[in-house]
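Chain by chain, the residues:
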Number of protein chains: 4
Amino acid sequence: MSRSEQFASDNYSGICPQAWGAMAEANRMDEPAYGEDQWTTRAADGLRELFDTDCEVFFVFNGTAANSLALASMGQSFHSVICHELAHIETDECGGPEYASNGAKLLLGTGADGKLTPQSIEHLVTKRTDIHYPKPRAVSLTQATEVGTVYTPEELRAIRSVADQYRLNVHMDGARFANAVAALDVHPSEITWKAGVDVLCFSGTKNGLAMGEAVIFFNRDLAEDFEWRCKQAGQLASKMRYISAPWCGLLKDNVWLDNARHANACAEQLEQGLARSPGVSLRYPRQVNGVFADLPEPLQAFLRNKGWRFYNFIGGCSRLMCSWSTSTEQVDRFLADIDHWNRNHRG
Amino acid sequence: MSRSEQFASDNYSGICPQAWGAMAEANRMDEPAYGEDQWTTRAADGLRELFDTDCEVFFVFNGTAANSLALASMGQSFHSVICHELAHIETDECGGPEYASNGAKLLLGTGADGKLTPQSIEHLVTKRTDIHYPKPRAVSLTQATEVGTVYTPEELRAIRSVADQYRLNVHMDGARFANAVAALDVHPSEITWKAGVDVLCFSGTKNGLAMGEAVIFFNRDLAEDFEWRCKQAGQLASKMRYISAPWCGLLKDNVWLDNARHANACAEQLEQGLARSPGVSLRYPRQVNGVFADLPEPLQAFLRNKGWRFYNFIGGCSRLMCSWSTSTEQVDRFLADIDHWNRNHRG
Amino acid sequence: MSRSEQFASDNYSGICPQAWGAMAEANRMDEPAYGEDQWTTRAADGLRELFDTDCEVFFVFNGTAANSLALASMGQSFHSVICHELAHIETDECGGPEYASNGAKLLLGTGADGKLTPQSIEHLVTKRTDIHYPKPRAVSLTQATEVGTVYTPEELRAIRSVADQYRLNVHMDGARFANAVAALDVHPSEITWKAGVDVLCFSGTKNGLAMGEAVIFFNRDLAEDFEWRCKQAGQLASKMRYISAPWCGLLKDNVWLDNARHANACAEQLEQGLARSPGVSLRYPRQVNGVFADLPEPLQAFLRNKGWRFYNFIGGCSRLMCSWSTSTEQVDRFLADIDHWNRNHRG
Amino acid sequence: MSRSEQFASDNYSGICPQAWGAMAEANRMDEPAYGEDQWTTRAADGLRELFDTDCEVFFVFNGTAANSLALASMGQSFHSVICHELAHIETDECGGPEYASNGAKLLLGTGADGKLTPQSIEHLVTKRTDIHYPKPRAVSLTQATEVGTVYTPEELRAIRSVADQYRLNVHMDGARFANAVAALDVHPSEITWKAGVDVLCFSGTKNGLAMGEAVIFFNRDLAEDFEWRCKQAGQLASKMRYISAPWCGLLKDNVWLDNARHANACAEQLEQGLARSPGVSLRYPRQVNGVFADLPEPLQAFLRNKGWRFYNFIGGCSRLMCSWSTSTEQVDRFLADIDHWNRNHRG
C-alpha cells in the first residue's frame, strides 16, 4: 500500500494481503455459484469454530444490508427496535432498517459514551404499551460503538437481563466487532452468545475485505428461511466465493484479530500524541480504533490544507479513524504536523 | 484458470485477468469511500462513452438488486410490470421486484423464443383498466433472453412504440447484454437508448467480474435520487472501487466485448457439435452463449457421471452455458464424450 | 328498499334492517373508542359462540384489508401464497396481498369450478424448492368461490392434509362465507376450524352491513400482535362500534344465515328460470348466490337497455349476483324480460 | 344522545343527526359500488365547492390511512417527512406512515405550542444532505395541533416559503381541521391551498361521522393514480356511499362548521371555568375543542371516581376534549364537581 494521508474512515483502506491471497486462490478455477462452493462452507465453518458454537452463518454484501435484514428477521413491521440515539442504524442507514422491515420504527435510547443503558431500554419499553405505538421486539447494540467505546461482558449481560424480562431479541451491529474483541481481550463468545446476543453482524469490510459481512445467528430459530430473505433483498452473491474466500483469509491464523489490534494500537498512538497537544481535548474515551477529538478550527484547517482527510462528527468534534492499513509512520507524520502548528501558529 | 468440466452457469466462472489487474491496481492505496474514488468516476465515464450518451450510472452488487431497484424507480407499489413468462425477474428472483417496489405485480406476457411481443404487451395493458387491477407502468425485456435469443433493434423499436402508446417505461435486464451486443454486432446504443430503452441493467458479473452491475439510466428523469434508493436498500458499497475498478478493466480495449464474443463462439462450437449428434435436438435457436438442447436421459446421466455439470431447464431440456472462461478444449472434450456415448451406448 | 334493477353485485345492496337497528341503538350515547366499547366485545363473543370455539376476532374495514393482513400474518415477504388462478386476491385486489406482506408472491393453482385441488397445491409446493423461488407458506381458499361454487368439508380436509404435509397455513377468504354455510347446510365450524382452516375472513359487507369484516383466527398463535398490524395498516376504526354493533345485528337470531339463504334462494330461482330459456347456458354449477350464464349478446344488450345492470366475467359469461336485498319480484321481472326477448327477438 | 360523562376523546361521540339522516336516505335503494354512486360524486363536488377550487377528492376509512397514504404519495421510501415531535403521525400511528411509504423516516422538529417553525424545518433540511440520511420531501402540519392550537394563515405561508426553497410538499393532518376553521374564522381556502397546502386530510370522524376521511389534493399532480393506492392499501370502500352520504350531511348548510363551533364553544366554557379554579393551570393556549390542564392528582382521582373519563397527555397534564355531542350541561356538571372538590377537599 502506498502512503496515505487520511484518518477519514476505516473503509478508505484496501484489501489486506491475506484476504487478497485467498481471493487469488479462489480465482484459480470455476466454482459453483450461490454459496455452494467450498470457500463458503469453509468460511462458515471457520466462524462456527471461532465462536465455538453451532451458529447459522450467512454472507451479505454490506453492513446496511446485514443490519437491516437481521433486524427484519427479529420482528414484524409493527414492532420497534430500541437503539442508542447515536446508533448508525438511526443516523446513517437512510432508513434501511425501516425499509427492510416494511415500517418498523427505531426508538431512540440514551446512555453515556454512546452506550445504551438497561434503564433507558426499560423506559422505552414501558412508557407506552398501547396499540397506537409500535411494540418493542428488539434491542440493537453497536459493538464497538459509534464513538469508539465498548460494552463490557457485564454490561451486555445486564442488557440481556432486561431483554429477557420484556421478550426482546438482541442484535449486535459489529461494524467494528473485531476491534471490540481486541480491546476487551476476550474470547468472541464472551461478548456474543454467552452474553445473550441473538444475532451478530460481523463486518469484514472494515477489517480488511473489499466487501462482505457475516450475519451470525446464535439464536438459530431466528435464522429460519433467512437465505430466502437474503435472496429476495438482493443480498445473495452469485459468485459468493469472492466474499467467503477473503473471510477464510481473515480467519486463518487470526488475521482479523491482528488487523484489529493494529488499528487499535495506531489509534492509541494517536490518542497519546493528541493528549500531549495543547488545545486539543478528547470527547470520548478512546477504546478501539477511532479517536474523537476537539481540534481548534485553525488547526483543522491547517491539517486539511496539508492534505489530511478526516470527518467531523456531531457536535463538531473530529473523528480520526485508523485501520489495518494505517501505519505508525502516518500517525507520526500527523502528530508532527500538529506539533508544527502548535509551535508556529499558537500564541 | 484450471481445467473446468461445467456448462452449469456463466456465473461459475471467475474474475477475468483484466478485471483482476484493475482491482490489483485499485488496491495499491487508500481511496475515498461510497463512490467518491477515482475508479468509480472513471467507470461511469467509460460507460457514458461506450453508450455515446450522457446517461446516469450507478453500481450495485448484483442482478437481483439492479433489476428490482430499477423497476421500483419506474412506478409505484400499485403499478405493474409486464414481462415474459420466462423472465428471470418472475422465475428466479424470489419476489425481489415485488419486495423492492412494496407490492407491484408482474404481469406475464408471451412470445416465441422467450421474446415478449408488442401484441402480448398491448393485450395485458388493455384487458383490464379498472382500479382493482394494478396499472401497468413498465415493460421489462431480457436481452439476451433467458433462452439465449436476442431482440433485434427493430423488435425493440416496435415494443417502444407500444410503450409510448400506453405510457410505459422500458427496462432491460442485461444479465447477458454483452453477449447480445456481440451476437447482433451492433453499437450498444442501437439496442438501448436509440431503441427507446429507459434503463439498462448491465451485468458485469457474468462478463468476468466478481460482482457488480451497472444500472444505466438513459432516461435521466427516472434516476432522480436513485443513489438514496441504493443506499437504503443496502446496495451502496463502501469500498465501491472494488466494483468500479474491475469495470474499468472490462471497458478498456473492449474486453467486455471480447469476453462476450468468446463465450458466444464457444456456444456456437457446442451447438454445431450437438447438431451433428443423433438423438440430440435444439430447443431454441442458439444466438448467444447458451445452448438449450434436448439430450436423451441416458446421455445426461453418462455425462454427469463423467463429471460434467449442467442444469436442466423447464420442460427438461438441458441448458449449456459458456462464459469468458470456457475453453474450446473444454467444448471439444464435452463433444467427444457425447460422441463416445453415441458410438457405444446407442443401438 | 326501493325497487332495484341490478344483479351487478351483492355489494350494491344496502344495510339490512337488523344491522341498521343495531347501529341506531349504538348511536344513542358516547362510547369508548378503538374497540373498547360494549358492542365490540359483544360481537366478538357472538362470533366465538357461533363458531363454538375460543378464536381470536378482529374487525377491519373491508375485504381487501382482511385478506391482505391475514395473509401477511401467515408468512414473510419471501414466502408465497398458493391460490386458485381465479382467486379474488389474485384478480381483483390490485396487489393488496403483495403490498401488505411487502412482496410475497401468489402462486396460481388450478382446479375445476374455481376450486383448488390438493394435487395442484402439491405440484406448486414441490416444483421448486430452491432459494430463487419464494417458499410457499400458505394456501388461500375462497368459500364460496369466485364462480359461485363451494368446497365440501371433505374437500377442505383433503387440502388440510396436504397443507400439513408441507407446513402450510390455511386461509379462507369468506367474502361469501355465509352463503356457503347456507348452501352446504353445515355448522360453521365444519367448514372452518374442524376442517383445518387457520384464519377466516368473514365478510359482513356482502351480508348486509355498510362495511366491516371479521378476521377470525382459529389458530391463535397466528394472531399474535395482530391488533398492532391492524393499527399500522390503517384498519383500526376509532368508532369501532359502527362496525361491531351491526355485526351484533347480524348475529342475533342468525340474521346472517337468513340473509344468505334468501340470496341463495333468489339465485336458485334465477338459475331455474334461465335453465328454461333457449340459448342460455350455465357456465358453472350454481351453488350459492350467483349465477354465471352465457347469454346471447343481443339478449345482453336488450336487458341492459331495459335498465338491468350486471357484469360480464372472464370469458364473457354474465355474472348475476343476488343479495339479501334482492326480491323474488325482481327475479321474476328479469326472467320476464328474457322471456319477452325470447318470444320477440329470436327467430 | 344520552347523558355523557366523558371528555376523553372527540371520537367517543356518535354520528350527528344530519349525517345519520343522509345515511338513512342513502340506504333506501341499491347503488353502484366503489364510489360510482351518486353520493360520492355529490360529496366530492361539495368539497370542491367548499374549498372553492378544482381539487381531487378521495374518501378513505380513517385518519391513519388518510395521513399515511397522502404522505406516501409525496415521496419515496428513501425520503423523509418533517413533522413536529408531538405530531400524531409520530406518536400515535404505530408506524403507519413508515409502513405505507415502505420505510420513509419522520424527522422530528420543534416549536412552541405544538407548532413547527420555519426555522426548525430549515434546520432539519440542511443539517444533513448526504446519501446516508433520508432526503426530506414533505412537511406535515397538524391543523389544529395535537395540543389544541392553530396555525395562522401567516404562519402557514411562512412554512410554505421554506418548503418552496427546499422543494418540500406540504401535508396537512386535518383531524380537527373543522375546529381550526371555526377558531380562525377564515374561509377554508385561506388555510389550505391559498397558504400552499398540497394535500389536506379532512377528518369527518371527529366532526360527527361514524368513519370516513376526505383526502383532498389541491396539488393535483400528486393525486396521480391515488385511487389505485387506496385500493391496494385496503382503503377503497365497496359500499362507499356510507362514507360519502354522511359527508353530504355534514356539508349541507355547513353542519361541519356548526359542529366544530359548538365543540370549540364547549371547550371555551370549560377553559373559563377551569381558569377560575384554584390549583388548576392551563398548559397550552386553548384555541379549539380541547383544554390541556394541569389538575392536582387528588382532583383527578375525585373526578374519575365520579365517573368522568379523560386521558392524561405527555407530561401528566389532562386532556379534556369536547365534540359536537358535548353539551353545555355536561361542562357545567364537570365544573360543578371541580367546585365541589375545591370547597371540600382543599385546605
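Notes on the structure in this doc start here. None of the values given here were measured: they were computed from a predicted structure.

1. Re the overall build of chain A
Phase 1 of the analysis: Helix and strand content of chain A: 13 helices and 11 strands.
Phase 2 of the analysis: Projected onto its principal axes, the C-alpha positions of chain A cover 60 × 60 × 30 Å.
Phase 3 of the analysis: Burial status across chain A gives 67% buried among its 347 residues.
Phase 4 of the analysis: Long-range contacts, defined here as pairs at least 24 residues apart, represent 75% of the contacts in chain A between residues at least 6 apart.
Phase 5 of the analysis: As displayed, chain A offers around 11,500 Å² of accessible surface, 46% of which is attributable to carbon and sulfur atoms.
Phase 6 of the analysis: Across chain A, the mean location of the 33 positive side-chain charges is 4 Å away from that of the 43 negative side-chain charges.

2. Examining the interface of chain C and chain D
Phase 1 of the analysis: Listed as interface residues are 55 residues of chain C and, on the opposing side, 55 residues of chain D.
Phase 2 of the analysis: Of the roughly 4,500 Å² buried between chain C and chain D, counting both surfaces, carbon and sulfur atoms make up 53%.
Phase 3 of the analysis: For the chain C face of the interface with chain D, the top three residues by lost area are Asp30, Tyr99 and Lys239 of chain C, together amounting to 17%.
Phase 4 of the analysis: Across the chain C-chain D interface, the total number found is 2 salt bridges.

3. What to know about helix 6 (residues 118-126) of chain B
For the α-helix, the turn length of 3.6 residues means that residues three or four positions removed from each other point alike.
Residues and elements named next belong to chain B.
Phase 1 of the analysis: All of the buried residues in helix 6 are Ser120, Ile121, Leu124 and Val125. All buried residues of helix 6 project into a common sector of 135° when viewed along the axis, lining one side.
Phase 2 of the analysis: Looking at the buried side of helix 6, the elements it contacts are strand 2 (79-84), strand 3 (105-109), strand 4 (135-142) and helix 7 (153-165).

4. Considering the state of the cysteines
Residues and elements named next belong to chain A.
Phase 1 of the analysis: Under the criterion given, the structure shown has 0 disulfides over all chains.
Phase 2 of the analysis: Note on cysteine 83: no disulfide assigned, nearest cysteine sulfur contributed by cysteine 201 at a separation of 14 Å.
Phase 3 of the analysis: Judged by its relative accessible area of 0%, cysteine 83 falls in the buried class.

5. Side note on the sheet that holds strand 3 (residues 105-109) of chain A
Residue and element names in this part refer to chain A.
Phase 1 of the analysis: Strand order in the open sheet formed by 7 strands is 1-7-6-5-4-2-3, with mixed pairing between adjacent strands. On the outer flanks of this sheet lie strand 1 (56-60) and strand 3, each paired with one strand and no other. Within this sheet the neighbouring strands show an average axis-to-axis angle of 25°, counted without direction.
Phase 2 of the analysis: Here strand 2 (residues 79-84) pairs with strand 3 via 5 bridges, running parallel. In the strand pairing of strand 3, cysteine 83 is matched with leucine 108.
Phase 3 of the analysis: Along the sheet, helix 2 (residues 38-51) contacts strand 1, strand 6 (199-203) and strand 7 (213-217); its crossing angle with strand 1, the most-contacted strand, is approximately 125°.

6. Re the nonpolar core
Phase 1 of the analysis: Residues Leu47, Phe202 and Trp247 of chain A together with Leu47, Phe202 and Trp247 of chain B are the most contacted members of the largest nonpolar core, which totals 145 residues.
Phase 2 of the analysis: Sequence-distant contacts of tryptophan 247 of chain B, defined by excluding residues within four places in its chain, comprise Ala43, Leu47, Phe59, Phe202, Ser203, Gly204, Leu209, Gly212, Glu213 and Ala214 of chain B.

7. Focus on the relation of the copies chain C and chain D
Phase 1 of the analysis: For the pair chain C and chain D, the superposition axis carries a translation of 0.0 Å, the fit reaches an RMSD of 0.0 Å, and the rotation angle comes to 180°. Seen this way, the second copy is the image of the first under a two-fold rotation axis.
Phase 2 of the analysis: When the interface residues of chain C are mapped onto chain D, 100% of them again lie at the interface, so the same face is used by both copies.

8. Observations regarding the pairing of strand 9 (residues 290-294) of chain A
Residues and elements named next belong to chain A.
Phase 1 of the analysis: Summarising burial for strand 9: 4 of the 5 residues are buried, a large majority.
Phase 2 of the analysis: Note: strand 8 (residues 281-282) against strand 9, 2 bridges, orientation antiparallel. Bridge assignment links serine 281 to a residue of strand 9, and that residue is aspartate 294.
Phase 3 of the analysis: In the sheet, strand 9 pairs with strand 11 (residues 318-321) via 4 bridges, with the strands oriented antiparallel. Residue phenylalanine 292 lies in a different strand from strand 11, and its bridge partner there is arginine 319.

9. Topic: the packing of helix 11 (residues 255-275) of chain D against helix 13 (residues 328-345) of chain D
All names here are of chain D.
Phase 1 of the analysis: Contact pair helix 11 / helix 13: the axes reach a minimum separation of 10 Å and the direction vectors enclose 15°. Relative to helix 13, helix 11 is oriented roughly parallel. The chirality of how helix 11 crosses helix 13 is right-handed. Counting all contacts with helix 11, which are made through Cys266, Gln269, Leu270, Gly273 and Leu274, the residues of helix 13 involved are Thr328, Val331, Asp332, Phe334, Leu335 and Ile338.
Phase 2 of the analysis: A class-by-class count of the residues in the contact of helix 11 with helix 13 yields 7 nonpolar, 3 polar and 1 charged.

10. Comments concerning the environment of alanine 275 of chain C
Residues and elements named next belong to chain C.
Phase 1 of the analysis: Locating alanine 275 in the fold gives a position in helix 11 (residues 255-275).
Phase 2 of the analysis: Among the residues examined, alanine 275 registers a relative accessible area of 58% and is labelled exposed.
Phase 3 of the analysis: Along the chain, alanine 275 and alanine 293 lie 18 residues apart, while their C-alpha atoms are 9.5 Å from each other.

11. Some thoughts on the environment of glutamate 85 of chain D
Phase 1 of the analysis: Tracing the backbone through its elements, the reader meets glutamate 85 of chain D in the loop between strand 2 (79-84) and helix 4 (88-91).
Phase 2 of the analysis: In the structure, glutamate 85 of chain D is positioned 25 residues away from threonine 110 of chain D in sequence and 6.1 Å away in space, judged by C-alpha atoms.

12. Brief notes about the interface of chain B and chain D
Phase 1 of the analysis: Contacts between the two partners involve 26 residues from chain B and, on the opposite side, 26 residues from chain D.
Phase 2 of the analysis: For the chain B face of the interface with chain D, the top three residues by lost area are Phe78, Ile131 and Trp228 of chain B, together amounting to 33%.
Phase 3 of the analysis: Where chain B touches chain D, the interface holds 6 salt bridges.
Phase 4 of the analysis: Close ionic contact of glutamate 224 of chain B with arginine 137 of chain D constitutes a salt bridge, the shortest N to O distance being 3.8 Å.
Phase 5 of the analysis: Where chain B packs against chain D, one counts 16 residue pairs in polar contact (both at pLDDT 80 or more).
Phase 6 of the analysis: Only helix 5 (96-100), strand 4 and helix 9 (226-232) of chain B provide two or more residues apiece to the side of chain B that touches chain D.
Phase 7 of the analysis: At 5 residues, the largest contribution of residues to the side of chain B that touches chain D is made by helix 9 of chain B.
Phase 8 of the analysis: Here the residues of the side of chain B that touches chain D sort into 9 nonpolar, 8 polar and 9 charged.

Cut-offs applied
- Residues numbered from 1 in each chain as written.
- Chains lettered and ligands numbered in written order.
- Predicted model: local features only at pLDDT ≥ 70, side-chain atom pairs only at ≥ 80, totals over all residues.
- Heavy atoms only, no water.
- Helix = DSSP H or I, 4+ residues; strand = E, 2+ residues; numbered from the N terminus.
- Buried < 20%, exposed > 50% of the residue type's maximum accessible area, 1.4 Å probe, protein only.
- Contact = heavy atoms within 4.5 Å.
- Areas by Shrake-Rupley, 256 points an atom, 1.4 Å probe, with all protein chains shown as cover.
- Lys, Arg positive; Asp, Glu negative; His and termini not counted.
- Charge placed at Lys NZ, Arg CZ, Asp CG, Glu CD.
- Buried area = accessible area lost by both parts, 1.4 Å probe.
- Salt bridge = Lys/Arg side-chain N within 4 Å of Asp/Glu carboxyl O.
- Arc of directions from axis to C-beta.
- Disulfide = S-S within 2.5 Å.
- Pairing = 2+ DSSP bridges.
- Axes fitted to C-alpha atoms, helices over the stretch in contact; angles between N-to-C directions.
- Core = buried A, V, L, I, M, F, W, Y, C linked by side-chain atoms within 4.5 Å.
- Least-squares fit on C-alpha atoms with pLDDT ≥ 70 in both.
- Parallel < 35°, antiparallel > 145°, perpendicular 65-115°, else oblique.
- Left-handed = near helix turned anticlockwise from the far one by under 90°.
- Nonpolar A, V, L, I, M, F, W, Y, C, P; charged D, E, K, R; others polar.
- Polar contact = N/O pair within 3.5 Å; in protein donor to acceptor, adjacent residues only side chain to side chain.

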